[in-house]
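# Observations on the three-dimensional arrangement
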Amino acid sequence: MIGNELTALNIADLQSLLRSREVSSREVINALRERIEAVDGDIGAYLSLDIEAAMKEAEHANVDLPLGGVPIAIKDVINVMDQPCTCASRILNGYRAPYDATVIQKLRAAGAIPFGKTNLDEFAMGSSTENSAAKSTRNPWDLSRVPGGSSGGSAAAVAADEAFGALGSDTGGSIRQPAALCGVVGLKPTYGRVSRFGLVAFASSLDQIGPITKTVRDAALIMNAIAGHDPLDSTSLDELVPDYVAGLGKDLRGARLGVPKEYMIEGIDPQVRAAIDAVVKQLNSLGAEIIEVSLPSTEYAVAAYYIIATAEASANLARFDGVRYGYRAENPKDVLDLYGRTREEGFGPEVKRRIILGTYVLSSGYYDAYYLRAQKVRELIRRDFASAFEKVDALISPTSPVTAFKLGERVTDPLQMYLADIFTIAANLAGICGISIPCGFAELNGHRLPIGLQLLGKPLDEAGILQIASGYEQSTEWHKARPPILSRLPKH
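Summarised in this report is the structure supplied together with it.

Criteria and thresholds
- Residues numbered from 1 in each chain as written.
- Predicted model: local features only at pLDDT ≥ 70, side-chain atom pairs only at ≥ 80, totals over all residues.
- Heavy atoms only, no water.
- Salt bridge = Lys/Arg side-chain N within 4 Å of Asp/Glu carboxyl O.
- Buried < 20%, exposed > 50% of the residue type's maximum accessible area, 1.4 Å probe, protein only.
- Pairing = 2+ DSSP bridges.
- Helix = DSSP H or I, 4+ residues; strand = E, 2+ residues; numbered from the N terminus.
- Axes fitted to C-alpha atoms, helices over the stretch in contact; angles between N-to-C directions.
- Contact = heavy atoms within 4.5 Å.
- 1 Å grid on protein atoms, 1.4 Å probe; cavity = no way out; pocket = protein on both sides within 12 Å on 5 of 7 lines; lining within 4 Å.
- Points joined across faces, edges and corners; volume = space filled by probe spheres on them.
- Nonpolar A, V, L, I, M, F, W, Y, C, P; charged D, E, K, R; others polar.
- Polar contact = N/O pair within 3.5 Å; in protein donor to acceptor, adjacent residues only side chain to side chain.

Pairing of side chains with opposite charge becomes possible as their charged atoms draw close. All told, the structure shown has 26 salt bridges when counted by the stated rule. R108 is the salt-bridge partner of D100, the closest N and O atoms lying 3.0 Å from each other. Judged by its relative accessible area of 11%, D100 is buried. For R108, a relative accessible area of 27% corresponds to the partly exposed category.

Further remarks concern the sheet that holds strand β1 (residues 46-48). If you walk across this open sheet you meet the eleven strands as β1-β3-β2-β4-β6-β5-β10-β11-β9-β7-β8, and the pairing is mixed. In this open sheet, the two strands that pair with only one neighbour each are β1 and β8 (289-293). Put simply, the sheet's adjacent strands are angled 35° from each other on average, direction ignored. Pairing of strand β5 (residues 185-188) with strand β6 (residues 209-213), which is carried by two bridges, proceeds in the antiparallel orientation. Note on β6: the bridge partner recorded for V185 is T213. Sheet strands touched by helix α3 (residues 25-43): β1, β2 (71-75) and β3 (113-118). Its angle to β3, the strand with the most contacts, is close to 10°.

Okay, empty space enclosed by the protein next. Counted under the stated rule, the structure contains four cavities of 30 Å³ or more. There is about 50 Å³ of room inside the largest cavity. Here the residues of the lining of the largest cavity sort into four nonpolar, four polar and two charged.

Here S397 is to be found in strand β9 (residues 394-398). When residues no more than four places from it in sequence are discounted, the contact partners of S397 are Y263, I276, F423, G452, L453 and Q454.

Inspection of the secondary structure assignment puts S363 in the loop between α12 (349-362) and α13 (367-388). With relative accessibility at 26%, the residue S363 sits in the partly exposed group. Considered as a pair, S363 and Y306 are 57 residues apart in the sequence and their alpha carbons are 16 Å apart. Of the polar contacts made by the side chain of S363, one reaches the backbone oxygen of Y360; its length is 2.6 Å.

What follows is the structure, encoded as structure tokens:
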């Protein structure tokens, strides 16, 4: 099998070849290296690669393990021992992780090979991967457009066949939204289902690590490896982990799916709305019952999210002061000058904006007026979901109200950028699980731009939304479409 054909495989198909010894893990790494050399100059998905380290792991790969010999790209906000962990920020330029995050330990235990660190919005703060201090990542479907964010590097790498699967982190939609814009699958687990130990924190009560893959089955395979209790993470849930793959393939007859009326609002791209309408008809034809539900507190979700997230970010990022690690301002006059100039020179504009806003809402005069009130709204949003899930098994909506927007289009308008996550934010506030899967395309100026369907599930019901997502996926061809950039690759 030639390199281009090999890297186009999903994880499940790659496993078959590895286990039958038709290809070796070293050949897989080599094929990925060639693919990255061919296209990543255009895409910009990776921040760093250590092919030598990956080859060493490939030599000893046990392909009979659940993910044996499979390379998995890692968002550069997750610690991989001896690899860079820059969070796409100047303040951590040159920093290397002294340990493996728990998810990396679990991937290795399942036989996977952590492969490369992918680009992101600085400290995962953004919806387009344009806030990276290193470079912007481009959407494989149209190089003039963003891949989404903050896990845009991971999503673009998977879409462009530069990775078989990847890990991202989701604070307000940062796995699901780039997955939607790049035409791949992105799963945000229930808060606490996957350990956050070794994830550089943005907003500790919202962050969650999850997979970005080519198919729903691949997402289930990675979830089998990374889910579970971790004593090193005090927010980790000590709950039994089901076999997420085992439930795939069941039909959807009898499933009750809710359409929140607050999510089908004005401002949604007409082609996105048409795609979701088609999804509803398709799911209904597969035997699912479609029920309209209400989430009345939805209109407050974006405001509550940006108060809570920025407050937690201002506290979490206080540790980056130039004293212990990372960037340090030169020739400081005193300690205060060291702190001030290190943070001024090390952080980018969006990170500074959120630190300032977070510090403001936590200040003594405004804590009750903003932060405390936002926490009360968060509880209302959680109750809305709990009430809806008494009537339905899962909720369906667009992942993003629009398809991928142009590079630079929203950089100077932070409010428009923040609204890109309007349908994903509430799930993080409520701590529930969600998945985005491809459900169609919009045609725009000669380009086909992917559209994502979001399924939201009850807490700890990843198996349920994976089953529904798989049923829909197998009844359509959307997940098989490939970006046009791949046709420009060199032939072997």
